Amino acid sequence: MSRPLHLAAYLLAFDTRAQALQDRTRAGFLLRAAALAELAHRGDLVEDGAGRVRVAPAAGPAGDPVLDALLAEVAAKRRGWKSWIKRGREETLDGVEQRLAVLGVLTVQDRDPYGPVVPRRPVLMPDPREALDQQLRVAQVIRGDGPVDHVAFPDAVLGALAAHGQLRLVLSRQERRERADRIAALTDRLAERAPGLARAVGGLGTTMVAAQGGMGGG
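Here the structure is a predicted model, which is why all the values come from computation and not from measurement. (Residues numbered from 1 in each chain as written. Predicted model: local features only at pLDDT ≥ 70, side-chain atom pairs only at ≥ 80, totals over all residues. Heavy atoms only, no water.)

**As for the side chain of H6**
Okay, so step 1: Structurally, H6 can be placed in helix α1 (residues 5-13).
Okay, so step 2: In this structure the side chain of H6 is engaged in a polar contact, spanning 3.2 Å, whose partner is the side chain of D64.
Okay, so step 3: Not counting residues up to four positions away in its chain, the partners in contact with H6 are L31, A34, A35, E38, D64, V66, L67 and V96. (Helix = DSSP H or I, 4+ residues; strand = E, 2+ residues; numbered from the N terminus. Polar contact = N/O pair within 3.5 Å; in protein donor to acceptor, adjacent residues only side chain to side chain. Contact = heavy atoms within 4.5 Å.)

This is the structure in structure tokens:
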């Protein structure tokens, strides 16, 4: 089943054995970038001459609560892609989890009234097959040798996000080094729609470290 990029990116970042995201902070960056890429792919977000993001004149409601919330944010203020990736990450992550719960992919558990206080309700993925298939397919895209322009645009974007977001569930640090040229080519596919967003995705590793004061690469 094909999912919009922001929902597919959550599946990439979800550790089905641990029944938790690989890293919630990291996931926030990835989902935010994925949602922006989805809207750029739809033609709803475009760059102006200064590299700032704006809502396209013909853009209408996306029909997805996460995307519609992001469109409203962008409509209210002009910022660059990198700034939009850094802002509102937790809200986007919460929204994606709520959407996946509605779709039956996740189950949001009730808090234990007698257990420790936790900042959010834990989630479960009862059927891990879709997430595992997503992770395997994207890993194969990165490891492949076929022409990158033959890769479907969403898969190219997910490959770039998994690599620059350092998702060890998809590929190891050594594989990221070995496949650097392939990863760069996948990232360039995003530049077809939004050059500034491609640059921001390419710098995700640095952005995450700068914003969080250091994150493990895995």
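Past the structure itself, the notes keep going.
**Describing the packing of aromatic side chains**
Okay, so step 1: Per the stated rule, a full pass over the model turns up one aromatic pair.
Okay, so step 2: An angle of 25 degrees between the planes, with centres 5.9 Å apart, marks the rings of Y10 and F14 as stacked.
Okay, so step 3: Just above the ring of F29 sits the side chain of R89; from NZ or CZ to the centre is 4.0 Å.
Okay, so step 4: Positioned above the aromatic ring of F153 is the side chain of R193, whose terminal nitrogen or guanidinium carbon lies 4.5 Å from the ring centre. (Phe/Tyr/Trp six-rings, centres within 6.5 Å; stacked < 30°, edge-to-face > 60°. Lys NZ or Arg CZ within 6 Å of the ring centre and 35° of its normal.)

**Description of the nonpolar core**
Okay, so step 1: By size, the foremost hydrophobic cluster in this structure holds 67 residues, and its most contacted members are Y10, W81, V170 and L197.
Okay, so step 2: Non-local contacts of V170, meaning those with residues more than four positions away in its chain, are made with L12, Q135, V138, A139, I142, R143 and A162. (Core = buried A, V, L, I, M, F, W, Y, C linked by side-chain atoms within 4.5 Å. Buried < 20%, exposed > 50% of the residue type's maximum accessible area, 1.4 Å probe, protein only.)

**Here's the deal with unusual backbone geometry**
Okay, so step 1: The phi dihedral of Q19 falls on the positive side, at around 55 degrees, and the residue is not glycine.
Okay, so step 2: With respect to the helices and strands, the residue Q19 is situated in the loop between β1 (14-15) and β2 (20-21).
Okay, so step 3: Owing to a relative accessible area of 22%, Q19 belongs among the partly exposed residues under this scheme.

**Regarding the sheet that holds strand β5 (residues 79-80)**
Okay, so step 1: Spatially, three strands are ordered β3-β4-β5 in an open sheet, and the strand pairing comes out antiparallel. Among the strands making up the open sheet, the edge pair consists of β3 (45-47) and β5.
Okay, so step 2: Here β3 pairs with strand β4 (residues 52-55) via three bridges, running antiparallel. Considered in β4, the bridge of V46 is made with R54. (Pairing = 2+ DSSP bridges.)

**Re the packing of helix α6 (residues 129-143) against helix α7 (residues 153-164)**
Okay, so step 1: At a minimum axis distance of 9 Å, the contact between α6 and α7 shows a crossing angle of 90 degrees. Classified by the angle their axes make, α6 and α7 are roughly perpendicular. In this structure, α6 contributes Q134, R137, V138, V141 and I142 to the contact, and α7 contributes D155, L158, G159 and A162.
Okay, so step 2: In terms of residue class, the contact of α6 with α7 is built from five nonpolar, two polar and two charged. (Axes fitted to C-alpha atoms, helices over the stretch in contact; angles between N-to-C directions. Parallel < 35°, antiparallel > 145°, perpendicular 65-115°, else oblique. Nonpolar A, V, L, I, M, F, W, Y, C, P; charged D, E, K, R; others polar.)

**Here's the deal with helix α2 (residues 24-42)**
Okay, so step 1: Given a rise of 1.5 Å per residue, 19 residues ought to cover 27 Å, and the 27 Å separating the end C-alpha atoms of α2 matches this to within 8%.
Okay, so step 2: Taking burial as the measure, the 19 residues of α2 include 16 buried ones, the bulk of the element.
Okay, so step 3: With a side-chain oxygen lying 3.0 Å from the backbone nitrogen of T25, the N-terminal cap of α2 falls on D23.
Okay, so step 4: Count one or two residues on from α2 and you reach G43, which has phi positive near 85 degrees. (Expected span 1.5 Å × (residues − 1).)

**A word on α7**
Okay, so step 1: Here α7 contains twelve residues, and its C-alpha end-to-end distance of 17 Å stays within 8% of the 16 Å for a straight helix at 1.5 Å per residue.
Okay, so step 2: Judged by how many residues are buried, α7 sits mostly within the fold: eleven of twelve residues are covered.
Okay, so step 3: Turning to α7, its buried residues number three or more, namely F153, D155, A156, V157, L158, G159, A160, L161, A162, A163 and H164.
Okay, so step 4: Two residues or fewer after α7 comes Q166, characterised by a positive phi angle close to 55 degrees.

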